[in-house]
Structures are given as C-alpha cells and as structure tokens.
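# Coordinate inspection notes
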Protein chains: 2
Amino acid sequence: MITLKVEGMTCMGCVRSVEKAVGRADPGARVEIDLPSGKVAIDSATPRETFVAAIEDAGYDVAA
Amino acid sequence: MITLKVEGMTCMGCVRSVEKAVGRADPGARVEIDLPSGKVAIDSATPRETFVAAIEDAGYDVAA
C-alpha cells in the first residue's frame, strides 16, 4: 500500500482529478482519498514515484 | 481560439487541474479559465478534440 499526503485538494472535483491521475499512472490501481486530510492510499505494484509524478502533473503537491 | 464549456470545476484546485490538462495536450497553449461560468478559452493550433480528451481524462465533463 502506497500512502501519500497530497496538498491542494479542496473539493470533490479535485478528488476526482487526483483519482484520474492515479488511474493514468496505473489503470488497475485501487485508490482511496480522504479530502479533509489529503491522504491518498493506493493499492498498486507501480512505483510510488510514478504516482507522485502523475499527481504533481495534475497540479497538486505531494508533501509526503 | 478554442472555447469550451467545462462542467465540474468547483474550486481553484479544479481550475489548476484543467490548466495542467490543457498543458499536457499542448505545452505551448495559452489558456484562460473562468470558474463561475466554466468557460475555457484556449489559444492553440492543436485540434479542439485533443483538449476535450485531455480535460475529460482529468475528470471533468466538456459540455460544449
């Protein structure tokens, strides 16, 4: 399980956008996002850095 | 000038995400987005459908 702390998500549109970015990085990934905390949990064998790059490419910052 | 009506943008995080999607479709595109109306104006020679696909891929609907 990959856990990221994403900054800049402020509404459900942002959440959907991050979900889509994760899906571009790995179409088979399972993802759960908690908007208030910015916590993104991803179940995937794809490297963490691939998801970090995809989420940053979507316009959000990954803090951890 | 390409003008799109994008649905589902509800905050500035969404706006930034759509801007990034436009930038993926054409890194040289100039884009202006009006959040309240959902109007996205793009100055680019890249085909309209390329931007529509990129924005939909980011999780937003293009109505027109």
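For the structure, check the block above.
Notes on the structure follow. Here the structure is a predicted model, which means the values were calculated and not measured.

Cut-offs used in this document
Residues numbered from 1 in each chain as written. Chains lettered and ligands numbered in written order. Predicted model: local features only at pLDDT ≥ 70, side-chain atom pairs only at ≥ 80, totals over all residues. Heavy atoms only, no water. Contact = heavy atoms within 4.5 Å. Buried area = accessible area lost by both parts, 1.4 Å probe. Salt bridge = Lys/Arg side-chain N within 4 Å of Asp/Glu carboxyl O. Helix = DSSP H or I, 4+ residues; strand = E, 2+ residues; numbered from the N terminus. Pairing = 2+ DSSP bridges. Axes fitted to C-alpha atoms, helices over the stretch in contact; angles between N-to-C directions. Parallel < 35°, antiparallel > 145°, perpendicular 65-115°, else oblique. Left-handed = near helix turned anticlockwise from the far one by under 90°. Nonpolar A, V, L, I, M, F, W, Y, C, P; charged D, E, K, R; others polar. Least-squares fit on C-alpha atoms with pLDDT ≥ 70 in both. Core = buried A, V, L, I, M, F, W, Y, C linked by side-chain atoms within 4.5 Å. Buried < 20%, exposed > 50% of the residue type's maximum accessible area, 1.4 Å probe, protein only. Phe/Tyr/Trp six-rings, centres within 6.5 Å; stacked < 30°, edge-to-face > 60°. Lys NZ or Arg CZ within 6 Å of the ring centre and 35° of its normal.

## Description of the interface of chain B and chain A
Taken residue by residue, the interface counts 14 residues in chain B and 14 residues in chain A. The junction of chain B with chain A conceals about 1100 Å² of combined surface from both sides, 41% of it contributed by carbon and sulfur atoms. At the boundary of chain B with chain A, the tally comes to two salt bridges. When residues of the side of chain B that touches chain A are traced back to their parent elements, those giving at least two are α1 (12-25) and α2 (48-57) of chain B. For the side of chain B that touches chain A, the element with the most residues is α1 of chain B, which contributes six residues.

## Section: the sheet that holds strand β2 (residues 30-34) of chain B
Residues and elements named next belong to chain B. Read across the sheet, four strands follow the order β2-β3-β1-β4 without closing on themselves; strand pairing throughout is antiparallel. Only two strands of the sheet have a single partner each, and these edge strands are β2 and β4 (61-62). Across five bridges, β2 lies against strand β3 (residues 39-43) in antiparallel orientation. Following the sheet pairing, Arg 30 is matched in β3 by Asp 43. Sitting on the sheet, α1 touches β2 and β3, and the angle it makes with β2 is about 155°.

## Some thoughts on the packing of helix α1 (residues 12-25) of chain A against helix α2 (residues 48-57) of chain A
Residue and element names in this part refer to chain A. Two numbers describe how α1 lies on α2: the axes approach to 8 Å, and their chain directions differ by 135°. It follows from the interaxial angle that α1 and α2 lie oblique. For the crossing formed where α1 meets α2, the hand is right-handed. Across from Val 18, Ala 21, Val 22 and Ala 25 in α1, the residues of α2 making contact are Thr 50, Phe 51, Ala 54 and Ile 55. Residue classes in the contact of α1 with α2 are distributed as seven nonpolar, one polar and no charged.

## Structural notes on the environment of Glu 32 of chain A
Structurally, Glu 32 of chain A is set in strand β2 (residues 30-34). Taking C-alpha positions, Glu 32 of chain A is 9.6 Å from Val 15 of chain A, a pair spaced 17 residues apart along the chain.

## Overview of the relation of the copies chain B and chain A
Mapping chain B onto chain A leaves a residual RMSD of 0.0 Å; the transformation is a rotation of 180° accompanied by 0.0 Å of translation along its axis. The superposition of one copy onto the other is thereby described by a two-fold rotation axis. By C-alpha distance to the rotation axis, the residue of chain B lying nearest is Cys 14 of chain B, at 2.7 Å.

## So, the nonpolar core
Note that soluble globular proteins tend to have their nonpolar side chains buried in a common cluster. Grouped together as the largest cluster of nonpolar side chains are 41 residues, with contacts concentrated most on Leu 4, Ile 55 and Tyr 60 of chain A together with Leu 4, Met 9, Ile 55 and Tyr 60 of chain B. For this core, the elements supplying multiple residues, two or more each, are β1 (2-7), α1, β3 (39-43) and α2 of chain A together with β1 (2-7), α1, β3 and α2 of chain B. Once residues within four sequence positions are removed from consideration, Leu 4 of chain B is found in contact with Gly 38, Lys 39, Val 40, Ile 42, Arg 48, Phe 51, Val 52, Ile 55, Val 62 and Ala 64 of chain B.

## As for the packing of aromatic side chains
By the definition in use, this model includes zero aromatic pairs over all chains. Over the ring of Tyr 60 of chain B we find Arg 16 of chain A; its NZ or CZ atom is 5.7 Å from the centre of that ring.

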